[in-house]
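Observations on the model geometry
The lines below spell out each chain.
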Amino acid sequence: MLTAFEKGIAKPPEELSLPSMGLQNSKTRQEIAEMLRVAWPEATMYGLSNGNFLALSHEDESPTTHPRSMVVVDNVFCIFIGTLENVCDLRRHYGLSRQATEAIVVVEAYKVLRDRAPYPPDQVIRDLEGKFAFILFDAKGGNLFTARMDSNGHWHIISTEGALQISNMPSKPGTTMDRDGSVNLQWGMAGDGSLVLSDNPKIITEACGKSCAPFPPGCIFMNGSGLMSFDQPLHKVRAIARENDDGNISAIVFQVDLLTRLPSIPRTGSAANWADVTVVNEE
């Protein structure tokens, strides 16, 4: 799976450009699309205006644990990876047929968020149970909605001596799942400032160089309100820069800051909620 959206639709966090030599090795949307056609000639690709696109390949797919699907309903595009454990209950809840896929369920949940009720996005996502990630784009409204969840619906966070650390392990190179079996999702910044998302670490590294990072589990990104945790909606999600032995920033990770509490749950249209970068040394 690979998507690219111009920064006018979805501006990636500036922190993604911090790793040394990051953007110097990244590509434009057009170059990424051409790279995709060469790497995945069998991929299904939807080209949108201004070179934006969504693409899905079934190469290296795990059909039993992390199947991939893509649907388009009323100009709403959705790529879904993984499974919903409560998909039968959700079909009944939304009045869908038994044949409705997880991607269709997510599209319907988005429509509820958009049209039917004043639900904050974290409340809608809480109804989805399983290991999954999805990217949804509403072409008519220009809305981008991305989420990633592990099997327990919890952020992997521990607190040690006042410092927050991420407890989930990085994914194996070239795979689409973390070592704990959760769906892998990466996001990055292209050379033209576009937001790039993929479940394939190798592909996104070729597209964005070092200007990429794991999309944090337990979080959602909406282009109107930015990144937020749906497990801890009253706490900021911060970018943490990791330095190597030479003092250069080598990687960026995003994690919930349990020490900083927001005055209210961020809403669509609020100011960007990217926090200041905290630098920590790699062990």
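Residues numbered from 1 in each chain as written. Predicted model: local features only at pLDDT ≥ 70, side-chain atom pairs only at ≥ 80, totals over all residues. Heavy atoms only, no water.

**Considerations on the overall build of the chain**
What counts, and what does not: The secondary structure listing takes helices from DSSP runs of H or I that are at least 4 residues long and strands from runs of E that are at least 2 residues long, numbered from the N terminus. Here the term buried applies to any residue with accessible area under 20% of the maximum for its type, exposed to any over 50%, and partly exposed to those in between, with areas from a 1.4 Å probe on protein chains only. We call two residues in contact when some of their heavy atoms are within 4.5 Å. For every accessible area listed, the method is Shrake-Rupley and the probe measures 1.4 Å; residues are considered covered only by the protein chains on display.
A tally of regular secondary structure across the chain gives five helices and 17 strands. For the chain, buried positions account for 53% of its 283 residues. Considering only intrachain contacts with a sequence separation of at least 6, the fraction spanning at least 24 residues in the chain is 62%. Split by element, the accessible area of the chain, about 12,900 Å² in all, is 49% carbon and sulfur.

**As for helix 5 (residues 201–208)**
Just so we agree on the cut-off: The arc in question is the one traced by the directions running from the helix axis out to the C-beta atoms. Any pair of N or O atoms that falls within 3.5 Å is considered a polar contact. Within protein, one atom must be able to donate a hydrogen and the other to accept it, and sequence-neighbouring residues count only if both atoms are side-chain atoms.
Listing the buried residues of helix 5 in full gives Pro201, Ile203, Ile204, Ala207 and Cys208. What you see down the axis of helix 5 is that its buried residues fit within an arc of 160 degrees, all on one side. Residues of helix 5 that are buried make contact with strand 1 (2–5), helix 1 (29–39), strand 10 (186–189), strand 11 (195–198) and strand 12 (212–214). Between a side-chain oxygen at the N-terminus of helix 5 and the backbone nitrogen of Lys202 the separation is 3.0 Å; the capping residue is Asn200.

**Description of the environment of Asp199**
With respect to the element layout, Asp199 can be found in the loop between strand 11 and helix 5. The exposure class assigned to Asp199 is buried, which follows from its relative accessible area of 1%. Separated by 16 residues in the primary sequence, Asp199 and Phe215 place their C-alpha atoms 9.7 Å from one another. There is a polar contact of 3.0 Å between the side chain of Asp199 and the backbone nitrogen of Met1.

**Section: the pattern of salt bridges**
Basically, it comes down to this: When a carboxyl oxygen of Asp or Glu is within 4 Å of a side-chain nitrogen of Lys or Arg, the pair counts as a salt bridge.
Per the counting criterion, the structure on display carries nine salt bridges. Here Arg68 makes a salt bridge to Asp199, at a shortest N to O gap of 3.3 Å. Here Asp199 lies in the loop between strand 11 and helix 5 and Arg68 lies in strand 4 (residues 68–73), a separation of 131 residues in the sequence. Taken together, the shared-partner salt bridges in this structure form one network comprising Arg114, Asp115 and Asp138.

**Thoughts on the environment of Ala103**
Of note, Ala103 is situated in helix 3 (residues 102–116). Owing to a relative accessible area of 0%, Ala103 belongs among the buried residues under this scheme. Measuring from C-alpha to C-alpha, the distance between Ala103 and Ser69 comes to 6.7 Å, with 34 residues separating the pair along the chain. If sequence neighbours within four positions are ignored, Ala103 has contacts with Ser69, Val71, Cys78 and Phe80.

**Brief notes about the nonpolar core**
Across soluble globular proteins, nonpolar side chains show a tendency to be buried alongside one another. Our working rule: For this analysis, a nonpolar core means a set of buried residues of the types Ala, Val, Leu, Ile, Met, Phe, Trp, Tyr and Cys, connected via side-chain atoms within 4.5 Å.
Core analysis: the largest hydrophobic core is formed by 33 residues, its most contacted members being Leu144, Trp187, Phe215, Phe221, Leu227 and Phe254. Broken down by secondary-structure element, the contributors of at least two residues to this core are strand 3 (53–56), strand 5 (76–84), strand 6 (130–138), strand 10, strand 11, strand 13 (219–222), strand 15 (235–243) and strand 16 (249–261). Looking at which element gives the most residues to this core, the answer is strand 16, with four residues. Excluding anything up to four places from it in sequence, Leu144 contacts Phe5, Ala10, Ile135, Leu136, Phe137, Leu195, Phe221, Met222 and Asn223. Counting residues in hydrophobic clusters, the runner-up holds 29 residues, among them Ala109, Ile125, Phe132 and Phe145.

**What to know about the packing of aromatic side chains**
Using the following cut-off: In this analysis, rings of Phe, Tyr and Trp, with Trp reduced to its six-membered ring, are considered paired at centre separations within 6.5 Å, and the interplanar angle assigns stacked below 30 degrees, edge-to-face beyond 60, and tilted for intermediate values.
Counted under the stated rule, the structure contains eight aromatic pairs. Judged by centre distance (5.6 Å) and plane angle (85 degrees), the rings of Phe134 and Phe145 are edge-to-face. Here Phe134, found in strand 6, pairs with Phe145, found in strand 7 (residues 143–149); they are eleven residues apart in sequence, far enough to count as distant. The pair formed by Phe134 and Phe145 is uniform in burial state, with each residue classed as buried.

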